[in-house]
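Descriptive structure summary
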Amino acid sequence: MANFTTVDGFLLLSFSGNSEIEIIHAFLFLVLYLVAITGNILIIAATSIDHSLHSPMYFFLKHLSFWDLCYITVTVPRSICDSFMHSGRISFWECILQCFAFSTCCSSEVAMLTVMSCDRYVAICFPLRYEIIMDVSTCVYGVLAVWISGVIAGVMHTAATFSIHFCGPKIIHQFFCDVPQLLKLSCSNDYIKEVGVTAFLTLVTFLCTLFIGFSYTHMFSTVLRIPSAEGRVKAFSTCLPHLCVVTLFFSTGAFEFLKVHSASPTGLDFLLTVLYTVVPPTLNPMIYSLRNTAMKAALRKVIKESKAYIS
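The structure contained in this document is the topic of the report that follows. All figures in this text were calculated on a predicted structure; none of them were measured in a lab. Counting from 1, residues in each chain are numbered in the order their sequence is written. Given that this is a predicted model, residues contribute local features only at a pLDDT of at least 70 and side-chain atom pairs are listed and counted only at 80 or more, while totals for whole chains, interfaces and linings are drawn from all residues. Computation of side-chain values covers all heavy atoms of the structure but excludes hydrogens and water.

Looking now at the pattern of salt bridges. We count a salt bridge whenever a side-chain nitrogen from Lys or Arg sits within 4 Å of a carboxyl oxygen from Asp or Glu. Here the structure, examined in full by the defined rule, presents 3 salt bridges. A salt bridge links Asp 82 to Arg 78; the nearest nitrogen and oxygen atoms lie 3.6 Å apart. In this pair, Asp 82 and Arg 78 both sit in helix α4 (residues 76–85), 4 residues apart, roughly one turn of the helix. Exposure categories follow from relative accessible area, calculated using a 1.4 Å probe and restricted to protein chains: below 20% of the type maximum is buried, above 50% is exposed, and the middle band is partly exposed. Residue Arg 78 is classed as partly exposed on the basis of its relative accessible area, which comes to 22%. The salt bridge involving Asp 119 is made with Arg 120; its shortest N-O contact spans 3.0 Å. Of the two residues, Asp 119 and Arg 120, neither departs from the other in class, the shared state being buried. Because the salt bridges share partners, they merge into one network encompassing Arg 78, Asp 82 and Glu 94. Secondary structure counts use DSSP, requiring at least four H or I residues in a row for a helix and at least two E residues in a row for a strand, with both numbered from the N terminus.

Right, let's talk about the side chain of His 242 for a bit. If you trace the backbone, His 242 turns up in helix α10 (residues 229–258). In this structure the side chain of His 242 is engaged in a polar contact, spanning 3.0 Å, whose partner is the backbone oxygen of Leu 113. Residues contacting His 242, with those up to four places away along its chain left out, are Leu 113, Met 116, Ser 117, Tyr 216 and Tyr 288. Counting of polar contacts relies on pairs of N or O atoms within 3.5 Å, with two restrictions inside protein: one atom must be capable of donating a hydrogen and the other of accepting it, and residues adjacent in sequence are counted only when both atoms are side-chain atoms. Contacts are residue-level and defined by heavy atoms, with any inter-residue pair within 4.5 Å sufficient.

For the rest of this paragraph, the subject is α10. The span expected for a helix works out to 1.5 Å for each residue beyond the first. Between its first and last C-alpha, α10 extends 40 Å over 30 residues, near the 44 Å set by a 1.5 Å rise per residue. The sharpest bend along α10 measures roughly 30° and falls at Cys 239, with the proline Pro 241 sitting one to four residues further on. Looking only at α10, the buried set comprises Ala 235, Cys 239, Pro 241, His 242, Val 245, Val 246, Leu 248, Phe 249, Phe 250, Thr 252, Gly 253 and Glu 256. Think of it this way: the bend at a residue is just the angle between two axes, each fitted to seven residues, one set ending at that residue and the other starting at it.

Note on terminology: disulfide denotes any pair of cysteine sulfur atoms within 2.5 Å. One pass over the structure, following the stated rule, counts 1 disulfide. The disulfide that involves Cys 95 links it to Cys 177, with 2.0 Å between the sulfurs. Of note, the bridge from Cys 95 to Cys 177 carries an S-S torsion of about -130° and is left-handed in sense. With a gap of 82 residues between them, Cys 95 in helix α5 (residues 92–125) and Cys 177 in the loop between β3 (171–172) and α8 (179–183) connect regions that are remote in the sequence. The same class applies to Cys 95 and to Cys 177, which are both buried. Of the cysteine sulfurs around Cys 106, a residue in no disulfide, the closest is that of Cys 105, at 8.7 Å. Lacking any disulfide linkage, Cys 125 is separated from the closest cysteine sulfur, that of Cys 239, by 9.5 Å.

Structure representation (structure tokens):
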């Protein structure tokens, strides 16, 4: 059957056929998006301007905030516009671009969190060798590895997904071009390539999760052997925010990808998708700055300088 989707594109199914609910959804997404971009931009600015935050931990945090910005920008702004305009049509090439960008950002987040756990592992378990191991070149290579792995994963996902032939109703039951929903539009079982790519990347993600778990097991074991209570508190304060971010990202993603995908998605399906696409990049800046006195001081400095510049 001809792949007529290349001409007509797809229809992204809105949250509700009710225009009032769509407007409420748009405003809610707009608020969350503004909170996310404000928080992440402030962290990028603070870690770039404040010299006291020029360390590997904050260098990686700055790049995590960048990926958080990209991650939420890929899906949410278009969904807001679609809800306000009461239109969900997306062209074939726009869908390809969105699929590639989302897959790249998602894979890069996993890689970035893994690199950050490695940084915390070295800082806590090998404090005397930390500056030698985590030097400038190591940090740069770590970020480059994140970028390269993310782009490779994005290309693999996108190429495998859009190599299949689409037919039937061109309706995607999601507010963005979600790969599992796209696979449901396949004419036959020619989506085996994408299943193989997904299985491979899932294995890589699982190995990253195991590494993070291994790192934190050794970190907690090391921290508990610190004789002073003050030292233990200080050590925990440097790794717990990262652990919270890892738990938030991987748990919401696991709920989404391990759920049973029904033929007719429910409100719960949309909610789970929102949890792993919108919530992590929105909450990450708050988690990292909540009990970090150095970060809070830097953020106050950035806000103060911004106000002085505006006035």
